[in-house]
Amino acid sequence: MAAKLKFEALKIGDELPKFVVEGVTRPDFVRYAGASGDFVPLHYDQAFVEAAGIPTVFAQGMFTAGLLSKALTDWAGIGNVRQFKVRFSTRVWPGDTVTCTGKVTNKVEKNGEKLVEGDLIVLNQKGETAIKGSFRAAAA
Amino acid sequence: MADKSIVGRAGKPFKMPIEWSKVREFARAIKDPDLLYFDPEKAKKELGGVPVPVTFLQTSAFWTDADSGPGMGSFDLRRILHGEQEFEFFKPIFVGDTLTGVTKVADVYEKEGGRGGKMTFLVTETEYTNQKGEKVAVSRSTLVETGQAVKAN
């Protein structure tokens, strides 16, 4: 499949175009639960979370990671991601605005394939890190 | 205590058919309207088939049962957080494929934590092969058991 990134033109420090979701919602979490099969009640059952001492439901980490993966494939092209890794930090709450981005940290050639490596990050509206991650993607 | 004896333990293989309706539903859920997920003709021409989103293998939850998991040892489900998730891809995955997944315990270790006291980490790996017997992907999940119930932040 055709790689979208141009290996020679890419520079260390190049940034991925931002993907911003203004105000994630409870219905977003419910839709992700149904789509993914993650039915942990912390993400949609208000009575359950209050009983656990948490003020409100919050996003599945993998919902937010999914938004981040879209930022990556928009840039690198679907089918070109070779590795995608995320680590969860701050929770994402209803109403939060999340900004998904990343930057190039390395260019390598492995087994005849040109590869671009980089960091990924999701920030909330306060600038707190919700997800830190990394990627490897094929370039041409 | 980190129970190292469970490292290497594997669950029973499970089948995971890659279905277009599920791929579309998942793409919508992660707010990705890319036509490669929604227009099979375009996808076939450009990629050779309808692709799956990067994190789509999370939907294996629909295809696993109690026997597919390797068992969690002494982990307390009430104190568990999803700490990290990683996917590696070796070959394309397309709608119409039938994958076989095998999940095993890759590592168990302890660390001193901040808010929750001592933390125990459980790393599980699911290796996926397609209907041609090719290894297509590995999904690696790190669960964290906190020393006490996790507080809201």
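Here's what I pulled together on the structure shown here. (Residues numbered from 1 in each chain as written. Chains lettered and ligands numbered in written order. Predicted model: local features only at pLDDT ≥ 70, side-chain atom pairs only at ≥ 80, totals over all residues.)

### Here we look at the nonpolar core
- Leu68, Leu72, Val81, Ile131 and Ala137 of chain A together with Ile18 and Val23 of chain B are the most contacted members of the largest nonpolar core, which totals 63 residues.
- The residues contacting Ile18 of chain B, other than those within four sequence positions of it, are Val23, Val52, Ile93, Phe94, Val95, Gly96, Asp97 and Leu99 of chain B. (Core = buried A, V, L, I, M, F, W, Y, C linked by C-beta atoms within 7 Å. Buried ≥ 20, exposed ≤ 12 C-beta atoms within 10 Å, placed from the backbone. Contact = placed C-beta atoms within 7 Å.)

### A look at the sheet that holds strand E2 (residues 81–88) of chain A
- The strand order across the open sheet built from 10 strands is E1(A)-E3(A)-E4(A)-E5(A)-E2(A)-E2(B)-E5(B)-E4(B)-E3(B)-E1(B), with neighbouring strands paired in antiparallel fashion. Every interior strand has two partners, whereas the edge strands, strand E1 (19–21) of chain A together with strand E1 (14–17) of chain B, have only one. Across this sheet, the average inter-strand angle for adjacent strands is 20°, counted without regard to direction.
- The sheet contact formed by strand E4 (residues 113–123) of chain A and strand E5 (residues 129–139) of chain A spans 10 bridges and is antiparallel. For Asp119 of chain A, the partnering residue across the bridge sits in E5 of chain A and is Ser134 of chain A.
- Against the sheet, helix H3 (residues 61–76) of chain A makes contact with E1, E2, strand E3 (98–110), E4 and E5 of chain A together with strand E2 (80–89) of chain B, and its axis sits at roughly 145° relative to E2 of chain A, the strand it touches most. (Pairing = 2+ DSSP bridges. Helix = DSSP H or I, 4+ residues; strand = E, 2+ residues; numbered from the N terminus. Axes fitted to C-alpha atoms, helices over the stretch in contact; angles between N-to-C directions.)

### Description of the interface of chain B and chain A
- Each partner contributes residues to the interface: chain B has 29 residues there, and chain A has 32 residues.
- Every element with two or more residues in the side of chain B that touches chain A is listed here: helix H1 (20–29) and E2 of chain B.
- At 8 residues, E2 of chain B tops the list of elements feeding residues into the side of chain B that touches chain A.
- Class assignment of the residues belonging to the side of chain B that touches chain A gives a composition of 14 nonpolar, 8 polar and 7 charged.
- As paired elements, E2 of chain A and E2 of chain B share 5 bridges and run antiparallel to each other. Across the sheet, the residue bridging to Val86 of chain A is Gln85 of chain B, located in E2 of chain B. (Nonpolar A, V, L, I, M, F, W, Y, C, P; charged D, E, K, R; others polar.)

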